[in-house]
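Listed below are the residues making up each chain.
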Amino acid sequence: MLKEKKVIVVFPAYNAGKTLENTYREIPFDIVDDVLLVDDASKDNTVEVARKIGIKNIIRHEKNKGYGGNQKSCYDTALALKGDIIIMVHPDYQYTPKLIHSMSYLIANGLYPVVLGSRILGMGALKGGMPLYKYIFNRFLTLSQNIIIGAKLSEYHTGYRAFSREVLENINYHANSDDFVFDNQMLSQILYHGYEIAEITCPTKYFEESSSINFSRSLKYGLGVMKTSLMHATQKLGLANFEIYKKPVRAI
Ligand SMILES: Nc1nc2c(ncn2[C@@H]2O[C@H](COP(=O)(O)OP(=O)(O)O)[C@@H](O)[C@H]2O)c(=O)[nH]1
Ligand SMILES: [Mg+2]
């Protein structure tokens, strides 16, 4: 608990057996109340490792739904578990959970409802081993998106995000893609609805198990990001009414 707010960490997991324990060990349990892992039909021993290290809330998708589909289960369950501050971090040990204190305090103190761990603020990304093509791609997409949607973020592509309950309740994330562009749509929804986003410099590590997305999937993601930016701009101009920007209707 932090200022009487329940803090929940969610892990959208896919083949995270080798990295999950290292990530889990860095969680600050002085403020984190619950950890939830959603396993997207991994082909490895992710679920066994999760049980062994003592994660209580484990959800397993029988079929692979994709990264966005995985996060939908994460947030639905975190809300059902009555989380007030929900932190999503990839269990591939690319981002350290040691930032959870800082991120949670910004939300608990009412300063910002959304906090991102940014690999681009500072010089962390390349130093941490981000492949140069990913770095250039990231910078290009971020610049385009900042211009098109009129925001000022250092990146839209981090796998480390903290949200207040209110934000998750008020954005229609169920209407988003089940694929990687889910993350980008979520930030677009957050900005569209007028929530402010804080960013914290985040060290990052690239190693074999921490990065599986290849060039062609990155390209598909990039096109999805450009499409999201254009949707955002047309919606803002009142020229469209996309499902993803509607108020969510939820049974929880
Ligand atoms: N649910 C789900 N997650 C996936 C899939 N493929 C990759 N991921 C997860 O998506 C996240 C980002 O992928 P990653 O390869 O680490 O990308 P990078 O670190 O940006 O190069 C990681 O946490 C992966 O476990 C998939 O098919 N389904
Ligand atoms: Mg990764």
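The structure under discussion appears in the preceding block.
Peer 1: Pulling in residues and values, what's your account of the overall build of the protein chain?
Peer 2: Scanning the protein chain from terminus to terminus reveals nine helices and seven strands. Scaling as 2.2 N^0.38, a compact globule of 252 residues should have a C-alpha radius of gyration of about 18 Å, and the protein chain matches this with 17 Å. Counting only C-alpha atoms, the protein chain reaches 50 × 40 × 35 Å along its principal axes. For the protein chain, the proportion of its 252 residues judged to be buried stands at 57%. Intrachain contacts of the protein chain at a sequence separation of at least 6 include 76% that bridge at least 24 residues. If you sum the accessible surface of the protein chain, you get close to 11400 Å²; carbon and sulfur atoms cover 56% of it. Across the protein chain, the centroid of the 30 positively charged side chains sits 3 Å from that of the 25 negatively charged ones.

Peer 1: Describe the pattern of salt bridges, with residues and values.
Peer 2: Under the criterion given, the structure shown has twelve salt bridges. Between Lys-6 and Asp-34 there is a salt bridge; the shortest N-O distance is 3.2 Å. Of this pair, Lys-6 sits in the segment before strand E1 (7–13) while Asp-34 sits in strand E2 (residues 32–39), placing them 28 residues apart in sequence. Look at Lys-6 and you get partly exposed, because its relative accessible area is 22%. Its relative accessible area of 13% is what places Asp-34 among the buried residues.

Peer 1: With reference to specific residues and values, describe the sheet that holds strand E4 (residues 85–89).
Peer 2: The strand order across the open sheet built from seven strands is E3-E2-E1-E4-E6-E5-E7, with neighbouring strands paired in mixed fashion. Because the sheet does not close on itself, it has two edges, and the strands there are strand E3 (57–60) and strand E7 (197–201). Ignoring strand direction, the axes of neighbouring strands in this sheet form an average angle of 20°. Strand direction decides the pairing type here: E4 and strand E6 (residues 160–164), joined by five bridges, are antiparallel. Directly across from Ile-85, in E6, lies its bridge partner Ser-164. Sheet strands touched by helix H3 (residues 67–80): E1, E2, E3, E4 and E6. Its angle to E1, the strand with the most contacts, is close to 155°. Packing against the sheet, helix H8 (residues 182–192) makes contact with E4, strand E5 (114–118), E6 and E7, and its axis sits at approximately 40° to E6.

Peer 1: Give a description of the packing of aromatic side chains that names residues and reports values.
Peer 2: One pass over the structure, following the stated rule, counts eight aromatic pairs. Members of the aromatic cluster, joined through ring pairs, are Tyr-75, Phe-163, Tyr-173 and Phe-182. Over the face of the ring belonging to Tyr-93 we find Lys-205, whose NZ or CZ atom lies 4.0 Å from the ring centre.

Peer 1: Break down the environment of Tyr-156 for me, with residues and values.
Peer 2: Following the sequence through the fold, Tyr-156 ends up in the loop between helix H6 (132–149) and E6. For the pair Tyr-156 and Asn-176, spaced 20 residues apart in sequence, the C-alpha separation works out to 16 Å. The residues touching Tyr-156, leaving out its near neighbours within four places in the chain, are Thr-142, Gln-145, Asn-146, Ile-149, Ala-151, Arg-161, Asn-184, Leu-187, Leu-191 and Tyr-221. Among the polar contacts listed, one links the side chain of Tyr-156 to the side chain of Asn-146, at a separation of 2.5 Å.

Parameters and conventions
- Residues numbered from 1 in each chain as written.
- Chains lettered and ligands numbered in written order.
- Predicted model: local features only at pLDDT ≥ 70, side-chain atom pairs only at ≥ 80, totals over all residues.
- Heavy atoms only, no water.
- Helix = DSSP H or I, 4+ residues; strand = E, 2+ residues; numbered from the N terminus.
- Rg over C-alpha atoms; globule rule 2.2 N^0.38 Å.
- Buried < 20%, exposed > 50% of the residue type's maximum accessible area, 1.4 Å probe, protein only.
- Contact = heavy atoms within 4.5 Å.
- Areas by Shrake-Rupley, 256 points an atom, 1.4 Å probe, with all protein chains shown as cover.
- Lys, Arg positive; Asp, Glu negative; His and termini not counted.
- Charge placed at Lys NZ, Arg CZ, Asp CG, Glu CD.
- Salt bridge = Lys/Arg side-chain N within 4 Å of Asp/Glu carboxyl O.
- Pairing = 2+ DSSP bridges.
- Axes fitted to C-alpha atoms, helices over the stretch in contact; angles between N-to-C directions.
- Phe/Tyr/Trp six-rings, centres within 6.5 Å; stacked < 30°, edge-to-face > 60°.
- Lys NZ or Arg CZ within 6 Å of the ring centre and 35° of its normal.
- Polar contact = N/O pair within 3.5 Å; in protein donor to acceptor, adjacent residues only side chain to side chain.

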